[in-house]
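# Structural features, examined
Here are the chains, one letter per residue:
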Amino acid sequence: MKKTWWKESVVYQIYPRSYNDSNNDGIGDIPGIIEKLDYIQSLGIDVIWLCPVYESPNDDNGYDISDYRNIMNEFGSMADFDALLKGIHDRGMKLVMDLVVNHSSDEHDWFEESKKSKDNPYRDYYIWKPGKNGGPPTDWEAFFGGSAWAYDETTEEYYLHLFTKKQPDLNWENPKVREEVNSIIRYWFDKGVDGFRMDVISLISKRPIYTDMISPVFEETIAKQYANGPRIHEFLKSMNQEVLSKYDIMTVGEGPGITLVHGLDYVGEDRNELDMVFHFDHMFLDMGAGGKFDPIPYSLVEFKDIFNRWDAKLSQGNGWGSIFLGNHDFPRMVSRFASDGSYREKAAKLLASMLLSMRGTPYVYQGDELGMSNVAFANPEDYKDIETLNYFKSLEAEGKDPMDHMHNVHKMGRDNARTPMHWSGDKNAGFSEAEPWIKMNPNYPDINVEDQERSTSSILNFYRKMIQFRKDNPTLVYGDYESLQNDHDKIYAYRRWDDVNEFLVVLNFSDHEVDFDPIITGLELLIYNYTDATEDLLMRPWEAKIFRIND
Ligand code: ISL
Ligand code: CA
């Protein structure tokens, strides 16, 4: 197992639109992030992952890029970006950006050209197919609903878009596309950027024959028809060989459809492809047959089993994992995996205890360090996310009233994680003097940085303590991992150890008091989320304890 900086780092993810608005236009921006670099550094963060800031028409909030080498005007200038990068490096931190190259915006010059004619030099930058029986080439569904094919009148063909129709899929079979991507990567690495999170990178290799969906279960369609295509590893090896390997950088691939079977293929130390991946096995446990907007309760036993199996698989091949429980695409983790009622504070600290004591690089999503929770806007018009807006449209197309289905969006919508950051109890939580691009979560007077800075027992200060604890104990980075009593449906308990330390982490993922017996002696309590915690193992609701085992 090679030791390296990105394995020892704690990553902080910023969704720039919602972080801090420096010029009071209601939209977060890069100068706003610069204003907060001291705060981010004070958490003990090593790496910032910045969601897309490139030119974009914002159909999918920056994940539809129209110019890969220029900064979106709303976010600032290239000079602002250069100042941000310098500010991050001056504080000893690193910057990882978001590489979105499975698709571009339909407003990118390449697509403007490609759709002009069938013999345009850029035609094969995208995936064009003739229709079939008067309809699209296949019955594929897009991630955000509707057909994955859009018809173009000019050339009377369909183009593929696995996401919105303003996000046409790039054709990676075309060596020119692969070279364009290598050149984009070089451009940002030569500016000093320290790595990329690669958006839906598991989807870039398409199967040569386009056949109809083989399964009504969308996750299966993703894994077997959209992701893990025949040339994916060839493309990633080539990208690594030609560009990535020439810089001291980190890469993490976002991998819809990457199941345990494929896990090591992308990140095994001997694979020379990516450093880490985000898989989603634990992020679909609470989705029923109807997908994201069909929420069901999740099982802790299954949740633990997924973490156990991924850890076992990756450590076999000296691969490395990413540990995350939330990001800009999912509901707030304290609401989703824990409890955002009277136990919210305890539950947020319990999740932090897990996130920061597991094997793998932890990813902290902006606001989770405060225990920010889901929002429940009353009106469909308050929602901005294209995925949610398409869900409302699909309901209306079935003659249903979105107002009767708001609970599904309240539970699972992506805007839950996109309401602006809570800096203070002042107007708009100090995010902006102007009306923010999306409504605030009304609970910001109770959940904000300014308040939590003043309280030693706040969630914010618990994150600082846990991050420091992880840094002081490399056992939590490189040590072994083994969970206890896997069939326990309330307690997640596991050991982390190496030849220096042995720790026991005990987390009560329930509203119930649980008398837990780990059958281990010599326990010394080090970290706890109830201020009056004791060394016994009568675990109160959402109680977390981390012990050193002094045998
Ligand atoms: O369906 C999912 C996982 O299988 C969702 O997490 C998500 O839509 C998917 O992972 C793709 O997410 C990424 O690409 C999208 C963009 O909307 C998301 O914000 C981005 O994280 C298209 O670029
Ligand atoms: Ca702004």
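Presented here is a report on the structure given in the accompanying data block. If you're wondering where the values come from, they're calculated on a predicted model, not measured in any experiment. (Residues numbered from 1 in each chain as written. Chains lettered and ligands numbered in written order. Predicted model: local features only at pLDDT ≥ 70, side-chain atom pairs only at ≥ 80, totals over all residues. Heavy atoms only, no water.)

A few words on unusual backbone geometry. Even without glycine at this site, Asn-24 takes up a positive phi of about 50 degrees. Following the sequence through the fold, Asn-24 ends up in the loop between strand E1 (11–14) and helix H1 (30–34). Located in the positive-phi region is Gln-485, a residue other than glycine, with phi close to 45 degrees. (Helix = DSSP H or I, 4+ residues; strand = E, 2+ residues; numbered from the N terminus.)

Donor atoms from the polypeptide that bind the calcium ion (ligand 2) are Asp-21 (OD), Asn-23 (OD1), Asp-25 (OD), Ile-27 (O) and Asp-29 (OD), placed at 2.2 to 2.4 Å. All donor residues of the calcium ion (ligand 2) come from one chain, and their arrangement in sequence is D-x1-N-x1-D-x1-I-x1-D. The residues Asp-21 and Asp-29 share a single accessibility class, namely buried. (Donors = N, O, S within 2.8 Å, 3.2 Å for Na, K, Ca; no water. Buried < 20%, exposed > 50% of the residue type's maximum accessible area, 1.4 Å probe, protein only.)

The subject of this paragraph is the packing of aromatic side chains. Evaluated as defined, the whole model comprises 51 aromatic pairs. Measuring from ring centre to ring centre gives 5.4 Å for Trp-128 and Tyr-159, while their planes differ by 65 degrees; the resulting arrangement is edge-to-face. You can see Trp-128 sitting in strand E6 (residues 128–129) and its partner Tyr-159 sitting in strand E8 (residues 157–160), a full 31 residues away along the chain. For the pair Trp-128 and Tyr-159, a shared accessibility class is recorded, and that class is buried. Relative to Phe-196, the ring of Phe-189 lies with its centre 5.3 Å away and its plane at 35 degrees, an arrangement referred to as tilted. Looking at Phe-196, the relative accessible area reads 0%, which means it is buried. Every member of this aromatic cluster is reached through a ring pair, and the members are Tyr-298, Phe-303, Phe-307, Phe-337, Tyr-481, Tyr-492, Tyr-494, Phe-509 and Trp-542. (Phe/Tyr/Trp six-rings, centres within 6.5 Å; stacked < 30°, edge-to-face > 60°.)

Strand pairs in the sheet, formed through backbone hydrogen bonds, run parallel or antiparallel to each other. Within the open sheet, the three strands sit side by side as E6-E8-E7. Their pairing is antiparallel. Among the strands making up the open sheet, the edge pair consists of E6 and strand E7 (149–152). Across two bridges, the pairing between E6 and E8 is antiparallel. Among the inter-strand pairings, Lys-129 is bridged to a residue of E8, identified as Tyr-158. (Pairing = 2+ DSSP bridges.)

Right, let's get into the sheet that holds strand E17 (residues 491–497). On the basis of which strands lie adjacent, the open sheet formed by five strands has the order E16-E17-E18-E22-E20 and antiparallel pairing. Bordering the open sheet on either side are strand E16 (480–484) and strand E20 (523–528), each of which pairs with just one other strand. Between one strand axis and the next, the sheet turns by 25 degrees as a mean value, whatever way the strands run. When strand E18 (residues 502–508) meets strand E22 (residues 544–549), the two strands line up antiparallel, connected through five bridges. From the neighbouring strand, Val-505 faces E22, where its bridge partner is Ile-546. In this fold helix H9 (residues 300–316) packs onto E16 and E17, with an angle of close to 20 degrees to the strand it touches most, E17. (Axes fitted to C-alpha atoms, helices over the stretch in contact; angles between N-to-C directions. Contact = heavy atoms within 4.5 Å.)

It is worth spelling out the site of ligand 1 at this point. Around ligand 1, 19 residues are found, and the nearest of them are Asp-60, Arg-197, Asp-199, Glu-254 and Asp-329. Interatomic distance of 2.5 Å between a side-chain N/O atom of Asp-60 and an oxygen atom of ligand 1. Coverage of ligand 1 by the protein amounts to 97% of the 500 Å² it exposes when considered alone. Its residues assigned to classes, the shell around ligand 1 shows nine nonpolar, three polar and seven charged. (Near = heavy atom within 4 Å. Polar contact = N/O pair within 3.5 Å; in protein donor to acceptor, adjacent residues only side chain to side chain. Areas by Shrake-Rupley, 256 points an atom, 1.4 Å probe, with all protein chains shown as cover. Nonpolar A, V, L, I, M, F, W, Y, C, P; charged D, E, K, R; others polar.)

Let's shift gears to the pattern of salt bridges. Tallied over the entire structure, the rule returns 46 salt bridges. The closest approach of N and O atoms between Lys-115 and Glu-112, which form a salt bridge, is 4.0 Å. With a relative accessible area of 31%, Lys-115 lands in the partly exposed category. Overall, the relative accessible area of 31% leaves Glu-112 in the partly exposed class. Several salt bridges converge on common partners, so that one network encompasses Asp-60, Lys-292, Asp-329, Asp-385, Glu-387, Arg-414 and Arg-418. (Salt bridge = Lys/Arg side-chain N within 4 Å of Asp/Glu carboxyl O.)

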